[in-house]
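As a plain string of letters, each chain reads:
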Amino acid sequence: MLDDFLMRAALAGLGLTLATGPLGAFVVWRRMAYFGDATAHAAILGVALSFGFGISVYAGIIAVALGMAITVASLAGRGYAMDATLGVLAHSALAFGLVAASFLTAVRVDLSAWLFGDILAVGRVDLAVVWAGSALVLALLVWRWQALLTATVNEELAVAAGLNPRREALVLTVALALVVAVAIKIVGALLIAAMLIIPAAAARRLARGPESMALGASLIGAVSVLAGLFASLRLDTPAGPSIVAASACIFAATALVRRR
């Protein structure tokens, strides 16, 4: 009953949730939803440049995502409003990416896969990249967990404790760029932010502490992946959007739960 491509898809999705759970928790705590969206939109420009220059897609996405983060930080430091800056850069990067892709014949056919994901087309190499990237992000977050929490709760307290809030923000930026790179093949550039935010927001209703929320976000993400793939198989719907839709249904269910 379970074909190889379906098993690879499930394993890729489950591997992704190892990183999106705890990282999504920080995205929710720090209210970085728009930042994650901007980074994901910039990924399309990274895809187009990768095909144009003949380099690895993952390397191109990471480079553009980090460039986006550095640009945002630079403009914010000069007094530009963060929400306006992110809005301009996010849509500009997406537009330039789509325009650049229109000049590349080889990309035209597969462009929808980069926008909405094509988890059923994940190969063995992609699977290895997803698990390696997720493991790297998870290790990075575990290593800096307490420092990241302190900087998230109170930057002045972090400084008093000898921490550098900007360095911790850079850690999250690097982690976000890595997640975008490994997730784009699974849920696509337009849905990556949803996989970061929705499971974490759902877990927030049930969690009693930071660690339990991060773990809960990963579990909800894993259930969403399996439920979305099952729905895609039964209803013949796109796999990536089906995964996000399943996650949204779980969030709706948790919204009915009263906090104790």
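Residues numbered from 1 in each chain as written. Predicted model: local features only at pLDDT ≥ 70, side-chain atom pairs only at ≥ 80, totals over all residues. Heavy atoms only, no water.

(A) Spatial organisation of a nonpolar patch on the surface. Taken together, Leu-11, Leu-18, Trp-131, Leu-138 and Val-142 make up a surface patch of nonpolar side chains, about 400 Å² in accessible area. Breaking the nonpolar patch down by element, the ones donating at least two residues are helix 1 (4-29) and helix 7 (124-143). With three residues, helix 7 is the single largest residue contributor to the nonpolar patch. Given the relative accessible area of 30%, Leu-138 is considered partly exposed. (Patch = residues over 30% accessible without salt bridge, like charges linked within 9 Å, V, L, I, M, F, W, Y side chains within 5 Å. Areas by Shrake-Rupley, 256 points an atom, 1.4 Å probe, with all protein chains shown as cover. Salt bridge = Lys/Arg side-chain N within 4 Å of Asp/Glu carboxyl O. Helix = DSSP H or I, 4+ residues; strand = E, 2+ residues; numbered from the N terminus. Buried < 20%, exposed > 50% of the residue type's maximum accessible area, 1.4 Å probe, protein only.)

(B) Structural context of helix 2 (residues 33-53). Taking 1.5 Å per residue as the helical rise, helix 2 with its 21 residues ought to reach 30 Å, and the 31 Å between its terminal C-alpha atoms agrees with that figure. Backbone geometry just downstream of helix 2 places Gly-54 in the positive-phi region, at approximately 70 degrees. (Expected span 1.5 Å × (residues − 1).)

(C) Focus on the packing of aromatic side chains. For the coordinates displayed, the defined rule picks out four aromatic pairs. Each ring, one from Phe-51 and one from Trp-114, has its centre 6.3 Å from the other, and the planes form 70 degrees; the classification is edge-to-face. In this pair, Phe-51 sits in helix 2 while Trp-114 sits in helix 6 (residues 111-116), placing the two residues 63 residues apart along the sequence. Exposure remark for Phe-51: the relative accessible area of 37% places this residue in the partly exposed category. Lying across the ring of Trp-143, Arg-144 places its NZ or CZ 5.1 Å from the centre. (Phe/Tyr/Trp six-rings, centres within 6.5 Å; stacked < 30°, edge-to-face > 60°. Lys NZ or Arg CZ within 6 Å of the ring centre and 35° of its normal.)

(D) Geometry of unusual backbone geometry. Even without a glycine there, the phi angle at Arg-31 is positive, about 55 degrees. Within the element layout of this structure, Arg-31 appears in the loop between helix 1 and helix 2. In this structure Arg-31 comes out as exposed when scored by relative accessible area, which is 78%. At Asp-236, a residue that is not glycine, the phi angle is positive and equals roughly 60 degrees. As for its position among the elements, Asp-236 is in the loop between helix 12 (210-235) and helix 13 (239-255).

(E) Structural context of the side chain of Asp-126. With respect to the helices and strands, the residue Asp-126 is situated in helix 7. A polar contact is formed between the side chain of Asp-126 and the side chain of Tyr-58, at a distance of 2.7 Å. Of the polar contacts made by the side chain of Asp-126, one reaches the side chain of Lys-185; its length is 3.0 Å. (Polar contact = N/O pair within 3.5 Å; in protein donor to acceptor, adjacent residues only side chain to side chain.)

(F) Structural detail: the pattern of salt bridges. A full pass over the atoms with the stated rule returns three salt bridges. The salt bridge partner of Glu-168 is Arg-144, with a shortest N-O separation of 2.5 Å. Note that Glu-168 is positioned in helix 10 (residues 165-183) and Arg-144 in the loop between helix 7 and helix 8 (145-153), a separation of 24 residues in sequence. Glu-168 gets classed as buried once you look at its relative accessible area, which sits at 0%. Note that Arg-167 and Glu-168 form a salt bridge whose closest N and O atoms lie 3.3 Å from each other. Taken together, the shared-partner salt bridges connect Arg-144, Arg-167 and Glu-168 into one network.

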